Amino acid sequence: MSTASETNQPSNGSSENNQDYVAATDLEEGTSGTAPESSTGVSSSAADSSSLFQDLVGSKVLQDGQVPPTVMQQQSTESSVAAANHQPVVPTTFNNRAVSTQHFLPVATIPATVTSRRKAPPQDATQHEEPVYSAKPVPDENDCLVDRRRLVIIVVILVAVIVIVVTTSVVMIGKRNEPTASSINNANWWTNNNDTTLYRVANSLPAYTTQALQADVASASRAASMTKWFETTRWSNSNFVPASPQGKAWQRLVLDSKTTVSLRDASLEAYSEEELTTRFALGVLYFSTDGYNWANATSWLSSDDLCLWFSSTNLNTNNYPNDRVLNYSDYVDYCRDTGYLSELRLGANNLKGTLPLEIALLTKLTTLSLNYNALTGPIPTTFNQLTRLRTFDCYECNLQANFTNMMERWSKSMQQLVNLRLPRNQLRGTFPLAMTKFTRLNDIRLYDNQLSGSIADELWSMEQVAHWKINGNQMTGTIPTILGRMTNLRSLRLDENLMHGSIPNQIGGATSLREFGLKYNEFSGSIPTTLGLLTNFEYVYWGVNKLVSTVPTEIGKLTNMIYLEIEQQTRLYGTIPTEIAKLTKATDFSLAINQITGTLPTELAMWNQSMIAYYFHENLLTGTIPTELGALTVVGEFNIGGNGLSGEIPTEMGTLRDCYFMDLSSNLLSGTIPSQFSNLGGNAPIEIFVQFNDLTGSVPLSVCQALTPFVEGMQLQIDCQDVECACNCTCG
């Protein structure tokens, strides 16, 4: 039996073998190169190979270069046999377990460059250790399958990470391109087209506008794609036709912003954001109200100066005596001097449709006049944003609104409002106390609407109001005594409502009052004598009430009176005061359908230069027709029918050359029809009623000849059983 020292002595060729094999630990530590598996040796299970590998790796030889004794003994025997055959020594057992030769790598198959990084064990001149054989486990097919799966998973994860990174980058780039509050000043989204101003306009438009524009883009999304609604690509495409007024106006603005020729003033790129916003808002108004069919749309939607876009300068000074009136050239100069469009007048211009919300973008508008147009729909809820608006006129526009809510909303931001003139629309609701906040409100014209309720004393106390015209509604309540303090009040129209009570004596304090209407209500009591204090009175409409009174003589003090109507009362009695002869400016005078007694004053002849309409019919007048009335040469309508007048018809009545309506019927007149009637009416058709009297004879030939050319427009009614007629007379 060999001793340990003998076992450690190398046999012939052992030094070479020591150099011819590389320890498995060297391969595990990263040596390059691979070796094919040996085709010889004893096969063993994968479990045994793994165990052997773990034992070898975990053995002390891997740590300090020494081999356990059992291995050395086994190697000594095997090395003797191998030496003779010049074969490498391959151990076949380890810890009494069979070892497969497949787990050992012959050095002949490993490139010479592969060297061990582990330091060789020390050698001396007398002895050296046998070579140590280490093993590297070879994975089986299951291990390879697991590795391939892991590789696939890693590749998939890497691809996913790349996709996420790319997507995030695209999103971030898009976010940088979107308009934000911090980036507006440096907006460069449309730099290539020099449209940064237009970009800011797009960014500043309200949500209700952008929703309409986005809807236009969405409706055409199948035709072409667009990432932002305000991209110029789509809007400048002639194949893209927006559906909304907002879209049409924006497209027109974008197209104009690209125009570089035939601009009279300047390229739109040079216009301010305010100018472009104004052009856009006017464009929306144009397309919302059928602008193609406007009566006049000169320069509208063009690149002309906004001051040249048509806006009517014609005003009815009778309706608006205090409004500033400019001719066209003055209007243009005024517009240019202010530097912005402050007035827009499109009255009677055939506007049809609804007012758009975008009208609120005209923030510097002070006057908006849309009278006599066929508008529909509500007054825009954005109207309260017109904080500079002083005048809003829309006579007979058919607009709708809850007046109460509208006034409460406007009172918070539109304190500059001076003139609110919306007659003949569809306003409903009551007068809210919030209207007291309109401290500059001067002209309130809301007649012929659907307003109701009573007016609070606080509103009557708005001393700056000059015109209260709320006739033709469903108002209730009475006339307050505080009205006498309204020294600036010029017009008070309460006609055609449901009001009641008496006319207060304090009315005499409203010394500036020129127009006072109470017609078609239920006012009662007497006519106050303080009426004589209202020397500025020009128009009085008190007909169809329940007054019980005489006509006060103080009426003669109203020397500026033009129109006086106190007809059809419960009981207006007494005589016609001769003082009315002083009303030399009067054109219309009516005390009809009352219980006036007495005679026609001869003093009425003093109205010879002014009186146009003269109504005393259906009273209890007696006496004869004064011949002096023949001096009323300018009278057009003369009605004294339905009284108890007697005597003959004065021939002087034939001198009323401008008279086209004369009613003498239902009296006690006698005699014949004067031949001078042939002079009545000049060359115009006339109507003459003389039936239900005691007239006799025949219609004069001159009268028949005068009437013949005007058969269709002429009517002469007579009592045919008493008066003969050889022409086209009508029997009464």
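Quick caveat, the model's predicted, so the values are computed rather than measured. (Residues numbered from 1 in each chain as written. Predicted model: local features only at pLDDT ≥ 70, side-chain atom pairs only at ≥ 80, totals over all residues. Heavy atoms only, no water.)

### As for the nonpolar core
- Counting residues in hydrophobic clusters, the biggest one holds 147 residues, and the most contacted among them are Trp250, Trp410, Phe431, Trp468, Tyr614 and Phe677.
- Residue contributions to this core peak at eight residues, all from helix α12 (residues 273-288).
- Among residues more than four places away in sequence, those in contact with Trp410 are Ile379, Phe383, Asn384, Phe392, Leu417, Leu420 and Phe438. (Core = buried A, V, L, I, M, F, W, Y, C linked by side-chain atoms within 4.5 Å. Buried < 20%, exposed > 50% of the residue type's maximum accessible area, 1.4 Å probe, protein only. Helix = DSSP H or I, 4+ residues; strand = E, 2+ residues; numbered from the N terminus. Contact = heavy atoms within 4.5 Å.)

### A few points about the pairing of strand β28 (residues 644-648)
- Looking at chain direction, strand β26 (residues 620-624) and β28 are connected through three bridges and run parallel. For Thr624, the partnering residue across the bridge sits in β28 and is Ser646.
- Taken together, the three bridges between β28 and strand β30 (residues 668-671) define a ladder with parallel strand orientation. Residue pairing for β30: Gly647 is matched across the bridge by Leu669. (Pairing = 2+ DSSP bridges.)

### A few points about the pattern of salt bridges
- In this structure the tally under the stated criterion is twelve salt bridges.
- Between Arg279 and Glu275 there is a salt bridge whose closest N-O contact spans 3.2 Å. With Arg279 and Glu275 both in helix α12 and four residues apart, the pair spans about one turn of that helix.
- With a shortest N-O distance of 3.7 Å, Arg424 and Glu396 are connected by a salt bridge. Remark: Glu396 occurs in the loop between β7 (391-393) and β8 (400-402) and Arg424 occurs in the loop between β9 (419-421) and β10 (426-429); sequence separation between them is 28 residues.
- Of the residues examined, Glu396 reaches a relative accessible area of 38% and is grouped as partly exposed.
- Through salt bridges with shared partners, one network takes in Asp393, Arg421, Asp443 and Arg445. (Salt bridge = Lys/Arg side-chain N within 4 Å of Asp/Glu carboxyl O.)

### Considerations on the sheet that holds strand β12 (residues 450-453)
- In spatial order, the strands read β8-β10-β12-β14; together these four strands make up an open sheet with parallel pairing. Sheet topology places β8 and β14 (474-475) at the edges, where each strand pairs with a single neighbour.
- Across three bridges, the pairing between β8 and β10 is parallel. Considered in β10, the bridge of Gln400 is made with Gln426.
- Relative to the sheet, helix α14 (residues 403-410) contacts β8, β10 and β12, its axis offset from that of β8 by approximately 75°. (Axes fitted to C-alpha atoms, helices over the stretch in contact; angles between N-to-C directions.)

### Quick look at helix α9 (residues 207-219)
- Across its 13 residues, α9 extends 18 Å between first and last C-alpha, which sits within 8% of the 18 Å expected from 1.5 Å per residue.
- Turning to α9, its buried residues are Thr209, Thr210, Ala212, Leu213, Asp216 and Val217. Burial along α9 is one-sided: seen end-on, the buried residues are contained in an arc of 160°. Pointing more than 90 degrees away from the buried face of α9 are the exposed residues Ala207, Gln211 and Ala218. (Expected span 1.5 Å × (residues − 1). Arc of directions from axis to C-beta.)

### With respect to a nonpolar patch on the surface
- Taken together, the side chains of Leu151, Val155, Val159 and Val163 define a hydrophobic patch exposed on the protein surface, amounting to about 340 Å² of accessible area.
- With respect to the element layout, Val163 can be found in helix α7 (residues 141-177).
- Val163 sits in the partly exposed class, given a relative accessible area of 49%. (Patch = residues over 30% accessible without salt bridge, like charges linked within 9 Å, V, L, I, M, F, W, Y side chains within 5 Å. Areas by Shrake-Rupley, 256 points an atom, 1.4 Å probe, with all protein chains shown as cover.)

### Let's talk about the side chain of Asn473
- Topologically, Asn473 is positioned in the loop between β13 (467-469) and β14.
- Within the structure, Asn473 has its side chain in polar contact with the backbone nitrogen of Asn449 (distance 3.2 Å).
- Polar contacts involving the side chain of Asn473 include one to the main-chain amide nitrogen of Leu451, which spans 2.9 Å.
- Asn473 has contacts with Leu446, Tyr447, Asp448, Asn449, Gln450, Leu451, Glu496 and Asn497, leaving out every residue within four places of it along the chain. (Polar contact = N/O pair within 3.5 Å; in protein donor to acceptor, adjacent residues only side chain to side chain.)

### Quick word on the environment of Gly681
- Inspection of the secondary structure puts Gly681 in the loop between β30 and β31 (687-689).
- The class of Gly681 is buried, set by a relative accessible area of 10%.
- For the pair Gly681 and Met662, spaced 19 residues apart in the sequence, the C-alpha separation amounts to 10.0 Å.

### Describing the packing of aromatic side chains
- Applying the stated criterion to the full structure yields 26 aromatic pairs.
- Measuring from ring centre to ring centre gives 6.3 Å for Tyr286 and Trp300, while their planes differ by 20°; the resulting arrangement is stacked. Here the residue Tyr286 occupies a position in helix α12, and Trp300 occupies one in the loop between α12 and α13 (328-338), the gap between them amounting to 14 residues.
- For Tyr286, a relative accessible area of 7% gives the class buried.
- When the centroid spacing of 6.0 Å and the interplanar angle of 65° are considered together, the rings of Phe287 and Tyr292 count as edge-to-face.
- Pairwise contacts between aromatic rings join Tyr286, Phe287, Tyr292, Trp294, Trp300 and Trp309 into one cluster. (Phe/Tyr/Trp six-rings, centres within 6.5 Å; stacked < 30°, edge-to-face > 60°.)

### Here's the deal with the confidence of the model for the chain
- Chain-level pLDDT for the chain is 77 on average; 68% of the residues reach the 70-or-more range.
- Taken together, the stretch residues 93-130 has pLDDT below 50 and engages in 90 contacts with residues farther than four places along the chain or on a different chain.
- Note on residues 174-194: pLDDT is under 50 here. Beyond four places in sequence and across chains, it has 29 contacts. (pLDDT = per-residue confidence, 0-100.)

### A short note on the state of the cysteines
- In this structure the tally under the stated criterion is four disulfides.
- At a sulfur-sulfur separation of 2.1 Å, the disulfide partner of Cys704 is Cys727. What sets the handedness of the Cys704 and Cys727 disulfide is the S-S torsion sign, and at about -65° it is left-handed. Within this pair, whereas Cys704 is found in helix α16 (residues 701-707), its partner Cys727 is found in the loop between β33 (715-718) and β34 (730-731), the two being separated by 23 residues in sequence.
- When its relative accessible area of 5% is taken as the criterion, Cys704 is described as buried. (Disulfide = S-S within 2.5 Å.)

### Quick look at the sheet that holds strand β16 (residues 500-502)
- Here we have nine strands laid out as an open sheet, ordered β16-β18-β20-β22-β24-β26-β28-β30-β32, and parallel in their pairing. Two strands lie at the open edges of the sheet, namely β16 and β32 (694-695), each paired on one side alone.

### Points about unusual backbone geometry
- Non-glycine residue Tyr372 carries a positive phi angle of around 55°.
- With respect to the helices and strands, Tyr372 occurs in the loop between β5 (367-369) and β6 (374-375).
- Residue classification places Tyr372 among the partly exposed residues on the basis of a relative accessible area of 45%.
- Of note, Glu496 is a non-glycine position whose phi angle comes to about 55°, a positive value.
- As for its position among the elements, Glu496 is in the loop between β15 (491-493) and β16.
- Under the relative-accessibility criterion, Glu496 is labelled partly exposed at 44%.

### A few points about α12
- Here α12 contains 16 residues, and its C-alpha end-to-end distance of 22 Å stays within 8% of the 22 Å for a straight helix at 1.5 Å per residue.
- Of all 16 residues in α12, 13 are buried; the element is thus mostly enclosed.
- Asp290 occupies a position one or two residues after α12 and carries a positive phi of about 55°.

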